[in-house]
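Observations on chain architecture
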Amino acid sequence: MPMAVYILGLSVFALGTSEFMLSGLLPPIADDMDVSIPKAGLLISAFAIGMVVGAPLLAVATLRLPRRTTLIALISVFGLGQVAGALAPTYEVLFVSRVVSALACAGFWAVGAAVAIAMVPVNSRARAMAVMIGGLSIANVLGVPLGAFLGESFGWRSAFWAVGAASAVALVGVVTRIPRIPLPDEKPQLKREVAIYKDRQVWLSIVITALAAGGVFCAFSYLAPLLTDVAGLSSGWVPWVLALFGAGALIGTTIGGRVADAHLFGVLLSGISASTVFLVALALFASNQVAVIVLAFLLGLSAFYTAPALNARMFNVAGVAPTLAGATTTAAFNLGNTSGPWLGGAVIDADFGFRATAWAGAAMLVLGLAAVTVSLRLRGGGTPSRRIAGAPAHAGPEQSGSQHAEPERGAPSACAVIPEQGAPSGAAAPRR
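Named according to an unreviewed UniProt entry, the chain is Cmx/CmrA family chloramphenicol efflux MFS transporter originating from Streptomyces mutomycini.

Now the structure itself:
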């Protein structure tokens, strides 16, 4: 892996810590802002909504801008958003700061993913994405529990200050280690990029990703009150259980990143199925302290085991538009991160209790499994993607869909790969 990919993973550590640390901070935020826990949970949805809107919007807005400059600007805005959150005097101001931070985070993910994918061969895409997602996993291992610890010890605002500092470190890494990437001779065409949305496999990938993420985070977003109010653990246990979730995520990302390139649909089916089983078990044994702790670890493992395959799948079916493919994946994940916490809050407000969030999440995952099955049947039934990875730039939807088959299980295809806009001429086109 090029060093730049690891720098992107380091930056994602700061982004991921901010995105997920509220799972361990909801009770103190709710108390300080004088709102209910479900309303505080909307701050998680606010971040996810910003990601959903920001990913495609900023991908399009920055399509013809230098990649390195774009990354620098976005990580800077993200850091300033953390400072605004730390200083927020009201719930409304905190809400807005989360949306602004999410917009910058979404743009960074979209552009960063496209840069990472462009720097590696097509049969290493899942591994490259695993490095970036690894930053997210480490955020869950270290950043999120540390945020919960800071919130417990020094107040929830200290966690925002810490993420702001981590963002500054990430900014230094991007400035000093990401190479200056020249713009291509042929400017990217928005019309060709958005043509990927004519492909039903792209839409199926969006649905699968959203349901897979939403199902897990429907329960994970309310893990802290479930641990304390249902399992009866003290609040001091919350950071440690979140760390276990993150440890499982790190292991799952590592395994999934190595397996998904060869067995993409196998990873999707097995990972989502495992997450469904673990959520059902969490609902059934939520009052058992040992079971809840073990299941938190297993849920992190299964959820992030699936993540590299979800990312690689989108780049496989929308490879002619790498920046927009990355943006679409980011938006899809955060559609799930929006709908999941919202659904969890809805079942809590309906007096079903914190345990019910796991049942609701399992239901979302069952729908996700159905979508994977449909996608696999369409793929195996002679209906290849209209915009597959590596279709020639000049090929129209009919050409790229009718003359080329989709890469088998994430394996390399025989087509030429389109250089990512703004990638270096020598490394832009991943070698087959």
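Regarding its fold elements, the chain presents 16 helices and 0 strands. The buried share of the chain, taken over its 432 residues, is 60%. Partitioning the contacts of the chain with sequence separation of at least 6, the portion at a separation of at least 24 is 84%. In the form shown here, the chain has an accessible surface area of approximately 15500 Å², with 68% of it arising from carbon and sulfur atoms.

This next bit is on helix α2 (residues 26-33). Within α2 the residues assigned to the buried category are Leu26, Ile29, Ala30 and Met33. Projected down its long axis, α2 shows its buried positions confined to an angular sector of 100°, all on one face. Positive phi shows up at aspartate 34, right after α2, with a value of about 60°.

With respect to the secondary-structure elements, aspartate 199 resides in the loop between α8 (190-194) and α9 (200-220). Here the side chain of aspartate 199 touches glutamine 201 through a polar contact of 2.9 Å, landing on its backbone nitrogen.

Quick look at the pattern of salt bridges now. One pass over the full model with this rule turns up 1 salt bridge. Aspartate 32 is paired through a salt bridge with arginine 157; the nearest N and O atoms lie 3.5 Å apart. Placement of the pair is aspartate 32 in helix α2 and arginine 157 in helix α7 (residues 156-177), with a sequence separation of 125 residues. The class for arginine 157 is partly exposed, based on a relative accessible area of 26%.

A separate point is the packing of aromatic side chains. Tallied over the entire structure, the rule returns 7 aromatic pairs. Seen from their ring centres, tyrosine 197 and tryptophan 203 are 5.7 Å apart, and the 45° between their planes marks the pair as tilted. Taking the relative accessible area as the measure of exposure, tyrosine 197 reaches 26% and is therefore partly exposed. Under the relative-accessibility criterion, tryptophan 203 is labelled partly exposed at 45%. Aromatic pair phenylalanine 245 and phenylalanine 304: ring centres 6.3 Å apart, planes at 85°, arrangement edge-to-face. One end of the pair, phenylalanine 245, is in helix α11 (residues 238-259); the other, phenylalanine 304, is in helix α13 (residues 289-317), and 59 residues separate them in sequence.

So, on to a nonpolar patch on the surface. Taken together, the side chains of Met1, Met3 and Tyr6 define a hydrophobic patch exposed on the protein surface, amounting to about 310 Å² of accessible area. Structurally, the position occupied by methionine 1 is in the segment before α1 (3-20).

It is worth spelling out the packing of α1 against α7 at this point. Axis separation between α1 and α7 bottoms out at 9 Å; the angle between their running directions is 165°. Between α1 and α7, the interaxial angle falls into the category roughly antiparallel. In this structure, α1 meets α7 at a crossing whose hand is left-handed. Residues Met3, Ile7, Ser11, Ala14, Thr17 and Ser18 of α1 form the contact with α7, whose participating residues are Val163, Ala166, Ser167, Ala170, Gly173, Val174 and Arg177. Classifying every residue of the contact of α1 with α7 by side-chain character gives 7 nonpolar, 5 polar and 1 charged.

Calculation rules
Residues numbered from 1 in each chain as written. Predicted model: local features only at pLDDT ≥ 70, side-chain atom pairs only at ≥ 80, totals over all residues. Heavy atoms only, no water. Helix = DSSP H or I, 4+ residues; strand = E, 2+ residues; numbered from the N terminus. Buried < 20%, exposed > 50% of the residue type's maximum accessible area, 1.4 Å probe, protein only. Contact = heavy atoms within 4.5 Å. Areas by Shrake-Rupley, 256 points an atom, 1.4 Å probe, with all protein chains shown as cover. Arc of directions from axis to C-beta. Polar contact = N/O pair within 3.5 Å; in protein donor to acceptor, adjacent residues only side chain to side chain. Salt bridge = Lys/Arg side-chain N within 4 Å of Asp/Glu carboxyl O. Phe/Tyr/Trp six-rings, centres within 6.5 Å; stacked < 30°, edge-to-face > 60°. Patch = residues over 30% accessible without salt bridge, like charges linked within 9 Å, V, L, I, M, F, W, Y side chains within 5 Å. Axes fitted to C-alpha atoms, helices over the stretch in contact; angles between N-to-C directions. Parallel < 35°, antiparallel > 145°, perpendicular 65-115°, else oblique. Left-handed = near helix turned anticlockwise from the far one by under 90°. Nonpolar A, V, L, I, M, F, W, Y, C, P; charged D, E, K, R; others polar.

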